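Residue-level listing of the chains:
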Amino acid sequence: GQLKLAWEYRTGELERHPELKQFASFHATPLRLPEAAGGSLAFCTPFNRIVALDPATGAERWVFDPGVPVGPPGTRYNCRGIAYWAD
């Protein structure tokens, strides 16, 4: 009962693609990357951009846009998640 909002982050995807709002859904479980990989919270957006945030402040550290073309109207947009692997 004493929890308070620490920060929030908006991807901006709906502003980038307002005409596709009805076809996009956001289902992300962020990964906490290990310190060797930057220690960020990382997740993907419905349009396949990968975002990394500072877990303490919510500040955007980096974004990767793979440039996946947006399909025709009616296409469903959803990224189910990302994975991290180290050898």
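Residues numbered from 1 in each chain as written. Predicted model: local features only at pLDDT ≥ 70, side-chain atom pairs only at ≥ 80, totals over all residues. Heavy atoms only, no water.

Colleague: When you look at the pairing of strand β4 (residues 60-64) in this model, what are you seeing that I'm missing?
Modeller: Working note: regular strand, side chains alternate between the two faces of the sheet. Alignment of strand β3 (residues 50-53) against β4, held across four bridges, turns out to be antiparallel. Across the sheet, residue L53 finds its bridge partner in β4, namely E60. Remark: six residues form the turn of the hairpin made by β3 and β4, two consecutive strands paired antiparallel; G58 in that turn has positive phi of roughly 80°. (Pairing = 2+ DSSP bridges. Helix = DSSP H or I, 4+ residues; strand = E, 2+ residues; numbered from the N terminus.)

Colleague: What should I look at first to understand the state of the cysteines in this one?
Modeller: Should the sulfur atoms of two cysteines be covalently bonded, the bond is a disulfide. Summed over all chains, the structure comprises one disulfide. Across the disulfide from C44 sits C79; the S-S distance is 2.0 Å. Sign of the S-S torsion, about -100° for the bond between C44 and C79, identifies this disulfide as left-handed. With C44 in strand β2 (residues 41-44) and C79 in the segment after β4, the pair connects residues that are 35 residues apart, well separated along the chain. Residue C44 shares its accessibility class with C79, and that shared class is buried. (Disulfide = S-S within 2.5 Å. Buried < 20%, exposed > 50% of the residue type's maximum accessible area, 1.4 Å probe, protein only.)

Colleague: Looking at this model, I keep getting lost on the sheet that holds β4. Mind explaining?
Modeller: What holds strands together in a sheet is hydrogen bonding between their backbones, with the strands either parallel or antiparallel. Spatial strand order, β1-β2-β3-β4: four strands in an open sheet with antiparallel pairing. One side of each edge strand has no neighbouring strand; the edge strands of this open sheet are β1 (31-32) and β4.

Colleague: Even after reading the chapter, I still don't get the pairing of β2, so can you show me in this structure?
Modeller: Here β2 shows two buried faces, one formed by L41 and F43 and the other by A42 and C44. Across two bridges, β1 lies against β2 in antiparallel orientation. Bridge assignment links L31 to a residue of β2, and that residue is A42. Pairing of β2 with β3, which is carried by four bridges, proceeds in the antiparallel orientation. Paired with C44 across the two strands is I50, which belongs to β3.

Colleague: Help me understand unusual backbone geometry, please; the structure alone is not making it clear to me.
Modeller: Negative phi characterises most residues that are not glycine, and trans characterises most peptide bonds. We note that N48 has phi near 70°; this positive angle belongs to a residue other than glycine. The residue N48 is located in the loop between β2 and β3 in this model. Taking the relative accessible area as the measure of exposure, N48 reaches 30% and is therefore partly exposed.

Colleague: Quick question: what am I supposed to make of the packing of aromatic side chains here?
Modeller: When we look at a pair of aromatic rings, we describe it by the centre distance and by the angle of the planes. Evaluated as defined, the whole model comprises three aromatic pairs. Ring geometry for Y9 and F43: centres 6.0 Å apart, planes at 75°, overall edge-to-face. Of this pair, Y9 sits in the segment before α1 (13-16) while F43 sits in strand β2, and the two are 34 residues apart along the sequence. On the basis of relative accessible area, Y9 is assigned to the partly exposed category, the value being 23%. A relative accessible area of 6% places F43 in the buried class. Look at F47 and Y77: their rings are 4.8 Å apart centre to centre, the planes differ by 35°, and that puts the pair in the tilted class. Within this pair, whereas F47 is found in the loop between β2 and β3, its partner Y77 is found in the segment after β4, the two being separated by 30 residues in sequence. According to the relative accessible area criterion, F47 is buried, its value standing at 8%. Classification of Y77 by relative accessible area gives buried; the value is 7%. Site record: aromatic cluster; members linked through ring pairs are Y9, F26 and F43. (Phe/Tyr/Trp six-rings, centres within 6.5 Å; stacked < 30°, edge-to-face > 60°.)

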